[in-house]
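One-letter residues, chain by chain:
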Amino acid sequence: WSAVYAGEEAAVQFFTSWKDLMVSTIPADRLLVYSVQEGWEPLARLVGVDMPEEPFPQINDGYTVSMMVAGLYYILVIVLPSILVAGVCSKSVRFRNTAVRIAGLCCRTPVHKLRAWGKNSSS
């Protein structure tokens, strides 16, 4: 990892020298310099099996990665805090009353309406 932390130029130089070492060391019939854009064919040929019928997985493309990041963000920022708040609210009258006051200040909703919510949501 020191090459990565040293910066992009050092990381590229390290990778290039490592790749050159592998190409010069490993016999050509046992070496596969592979890019995922090539799909199943080079992998199946190297290990001597038929190509799988299922399509090659495309989980590392830009769209999929951005959707995974967005989903994780949604879970961390909205879902987990909502579950936590719902759990705490259902167990603690004091917390619920404080939350009602804070919501009233933030939303400028009349407190009597929020107090009614606090009473109606008790378990």
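You'll find the structure just up there.
Here is what the cut-offs are and how they apply
- Residues numbered from 1 in each chain as written.
- Predicted model: local features only at pLDDT ≥ 70, side-chain atom pairs only at ≥ 80, totals over all residues.
- Heavy atoms only, no water.
- Helix = DSSP H or I, 4+ residues; strand = E, 2+ residues; numbered from the N terminus.
- Contact = heavy atoms within 4.5 Å.
- Areas by Shrake-Rupley, 256 points an atom, 1.4 Å probe, with all protein chains shown as cover.
- Phe/Tyr/Trp six-rings, centres within 6.5 Å; stacked < 30°, edge-to-face > 60°.
- Buried < 20%, exposed > 50% of the residue type's maximum accessible area, 1.4 Å probe, protein only.
- Polar contact = N/O pair within 3.5 Å; in protein donor to acceptor, adjacent residues only side chain to side chain.
- Salt bridge = Lys/Arg side-chain N within 4 Å of Asp/Glu carboxyl O.

Draft legend 1. Here's a closer look at the overall build of the protein chain. Along the protein chain, the regular secondary structure elements total 6 helices and 0 strands. The order of α-helices and β-strands along the protein chain, N terminus first, is α-α-α-α-α-α. Restricting the contact set of the protein chain to residue pairs at least 6 apart, pairs at least 24 apart contribute 6%. Of the roughly 10,600 Å² of accessible surface on the protein chain, a fraction of 64% belongs to carbon and sulfur atoms.

Draft legend 2. Representation of the packing of aromatic side chains in the model. Summed over all chains, the structure comprises 2 aromatic pairs. Measuring from centroid to centroid gives 6.1 Å for Phe15 and Trp18, while their planes differ by 35°, and the two rings are tilted. Residue Phe15 and its partner Trp18 are both found in helix α2 (residues 8–25); the two are separated by 3 residues, about one turn of the helix. Looking at Phe15, the relative accessible area reads 47%, which means it is partly exposed. Classification of Trp18 by relative accessible area gives partly exposed; the value is 43%.

Draft legend 3. Main features of the environment of Thr25. Position of Thr25 relative to the elements: it lies in helix α2. Classification of Thr25 by relative accessible area gives exposed; the value is 52%. Separated by 2.6 Å, the side chain of Thr25 and the backbone oxygen of Leu21 make a polar contact.

Draft legend 4. Quick peek at the pattern of salt bridges. The final tally for this structure, using the stated rule, is 1 salt bridge. The closest approach of N and O atoms between Glu41 and Arg45, which form a salt bridge, is 3.1 Å. Of this pair, Glu41 and Arg45 both sit in helix α3 (residues 40–47), 4 residues apart, which is roughly one turn of the helix. By relative accessible area, Glu41 is classed as partly exposed at 36%.

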